[in-house]
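Letter by letter, the chains look like this.
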Amino acid sequence: MKILSVNAGSSSLKFSMYEMPEEKVITTGVFERIGLEGSNYTFKINDEKHKKEMPVSNHEEAVKILVEELINYNIIKSVNEIEGVGHRTVHGADKYSDSIVINDKVLNDIKSFIPLAPLHNPANITGIESFSHILPNVKMVAVFDTAYHQTMDKVHYLYPVPYEWYEDYAVRKYGFHGTSHKYINGRIMEILNNKELKVIVCHIGNGASISASIGGKCIDTSMGFTPLPGVMMGTRTGDIDPSIIPYIMNTTGMTIDQVMDTLNKKSGLLGVSGISSDSRDICQGIIDGNERCKIAQEMFVNRIVNYISMYNTELNTADVICFTAGIGENGIEVREQIMNKLGALNITLDKEANNIRGKERIISTSDSKIQCYIVPTDEELMIARDTYNLAK
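Residues numbered from 1 in each chain as written. Predicted model: local features only at pLDDT ≥ 70, side-chain atom pairs only at ≥ 80, totals over all residues. Heavy atoms only, no water.

(A) Here's a closer look at the layout of surface pockets. Taken as a whole, the largest pocket holds about 1400 Å³ of empty space. Arg88, Val90, His120, Pro227 and Arg236 are, among the 41 residues lining the largest pocket, the residues nearest its centre. For the lining of the largest pocket, the elements supplying multiple residues, two or more each, are strand 1 (2-8), strand 2 (13-19), helix 8 (256-265) and helix 15 (379-391). The biggest single contributor to the lining of the largest pocket is helix 8, with six residues. Class assignment of the residues belonging to the lining of the largest pocket gives a composition of 18 nonpolar, 14 polar and nine charged. If you add up the space inside the second largest pocket, you get close to 670 Å³. Lining the second largest pocket we find 19 residues, and of these Tyr159, Phe225, Pro229, Pro242 and Ile245 sit closest to its centre. Looking at which element gives the most residues to the lining of the second largest pocket, the answer is helix 8, with three residues. A class-by-class count of the residues in the lining of the second largest pocket yields 14 nonpolar, four polar and one charged. (1 Å grid on protein atoms, 1.4 Å probe; cavity = no way out; pocket = protein on both sides within 12 Å on 5 of 7 lines; lining within 4 Å. Points joined across faces, edges and corners; volume = space filled by probe spheres on them. Helix = DSSP H or I, 4+ residues; strand = E, 2+ residues; numbered from the N terminus. Nonpolar A, V, L, I, M, F, W, Y, C, P; charged D, E, K, R; others polar.)

(B) Seen up close, the sheet that holds strand 10 (residues 208-214). Sheet architecture is open: six strands sit in the order 11-10-9-12-14-13, paired in mixed fashion. The open sheet is flanked by strand 11 (217-221) and strand 13 (361-362), the only strands paired with a single partner. Along the sheet, helix 11 (residues 291-314) makes contact with strand 9 (198-204), strand 10, strand 11 and strand 12 (320-324), crossing strand 9 at roughly 160°. (Pairing = 2+ DSSP bridges. Contact = heavy atoms within 4.5 Å. Axes fitted to C-alpha atoms, helices over the stretch in contact; angles between N-to-C directions.)

(C) Looking closely at the side chain of His203. Inspection of the secondary structure assignment puts His203 in strand 9. The buried category is assigned to His203, whose relative accessible area is 6%. Among the polar contacts listed, one links the side chain of His203 to the side chain of Ser180, at a separation of 2.8 Å. Excluding residues that lie within four positions of it along the chain, His203 makes contacts with His177, Ser180, His181, Ala208, Ser209, Thr324, Ala325 and Glu379. (Buried < 20%, exposed > 50% of the residue type's maximum accessible area, 1.4 Å probe, protein only. Polar contact = N/O pair within 3.5 Å; in protein donor to acceptor, adjacent residues only side chain to side chain.)

(D) Highlighting helix 6 (residues 178-192). Helix length check: helix 6 (15 residues) gives 21 Å between terminal C-alpha atoms against 21 Å at 1.5 Å per residue, within 8%. Where the residues of helix 6 are buried, they touch strand 8 (139-144), strand 9, strand 10, strand 12, strand 14 (371-374) and helix 15. Looking one or two residues beyond helix 6, the residue adopting positive phi is Asn193, at roughly 50°. (Expected span 1.5 Å × (residues − 1).)

(E) Geometry of the packing of aromatic side chains. Scanning the model with the defined rule gives eleven aromatic pairs in all. Seen in terms of ring centroids, Phe31 and Tyr41 are 4.8 Å apart; in terms of plane orientation they differ by 25°. Their pairing is stacked. Note that Phe31 is positioned in strand 3 (residues 24-32) and Tyr41 in strand 4 (residues 40-45), a separation of ten residues in sequence. Residue classification places Phe31 among the buried residues on the basis of a relative accessible area of 0%. When the ring centre of Tyr157 is taken as reference, the NZ or CZ atom of Arg172 above it lies at 3.6 Å. (Phe/Tyr/Trp six-rings, centres within 6.5 Å; stacked < 30°, edge-to-face > 60°. Lys NZ or Arg CZ within 6 Å of the ring centre and 35° of its normal.)

(F) Expanded view of helix 11. For helix 11, spanning 24 residues, the distance from its first C-alpha to its last is 35 Å, which sits close to the expected 34 Å at 1.5 Å a residue. Where helix 11 starts, the residue carrying a side-chain oxygen 3.0 Å from the main-chain nitrogen of Arg292 turns out to be Asn290. A positive phi of about 55° marks Asn316, the residue just after helix 11.

(G) Layout of the sheet that holds strand 2. Spatially, the eight strands line up as an open sheet ordered 5-4-3-2-1-6-8-7, and their pairing is mixed. If you trace the sheet from one side to the other, it starts and ends with strand 5 (48-53) and strand 7 (100-101), each paired once. Of the strands in this sheet, strand 1, strand 2, strand 3, strand 4, strand 5 and strand 6 (82-89) are in contact with helix 1 (residues 59-72), which crosses strand 4 at around 30°.

Here is the structure:
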């Protein structure tokens, strides 16, 4: 069964096609600058990239080109071979705790969640509608970023604000990166052959979130009502005193939208270092003697360590800590700095094992009380799995 895994952005469309249930990647690619000058798309087949530049005016046109190219490259003989399309959907509120086949009611629900994810859900909806128009007989599946975290209880997802804010305005912690956290928990339980593991997942990339789970069920996670809180990130602040917002507005004359844009897009590693949101640039800046890069890195590491320590207490000692996503999988120096600060948890880094990028591996010593692993994430595969299970 051929399944498409799709992630639609405001001007982009990423896709992967799988042969299921073998979980074989047939092709991957991306349409970029949709509706903008310089639009282009790339297919990757058998490790060979095929790139074309041509006007792509909207997502529906991109989907039409995608289907045509799948046939042109002999990946499929007809659209009838595509039996499911899984759509990364950022926000499912507290209504969806799992992936679901999309019908009119589900689509209307996703539209009603736009105020909770105004930057993401509209693009996801555009992707769903575009594929539905071009492939009307194919099952469409919504895979929600928030779904995995809906096993949290009220003690963990409520904020200490008037209860009416939760009842009337849906103000609560939702959590994000759920597809990745779900994948990593499933994978580490396979590796260690234990379905009851207490796991801390550190999804550390330009966006970053930490989760605590027991037996594949989320207990708590660092992101909240939006992806802004939690640990410091590439351009996001993570947790800060909210009183900073009116203070900056009153002092500078900035609007609320300008302040929020700054907190989301101009803060974090970029804001503190002044040079980049990319961890690799920060590490190079430290080598070059840039003091602000050093401060940014230490802040970043400290905040991750704090969440790991807190969740370890919450879990009454974790069995395993997993590092994943761009920095978690590839940031040798960052992982080393984090683990060197976890001595109080009786964790010791195996420096030689840690000297690797993007490979599944244990990186703690055998005498460590908590095992630490690199586990590369695969959100596209997770989307394909859920879609296959609902489409078969």
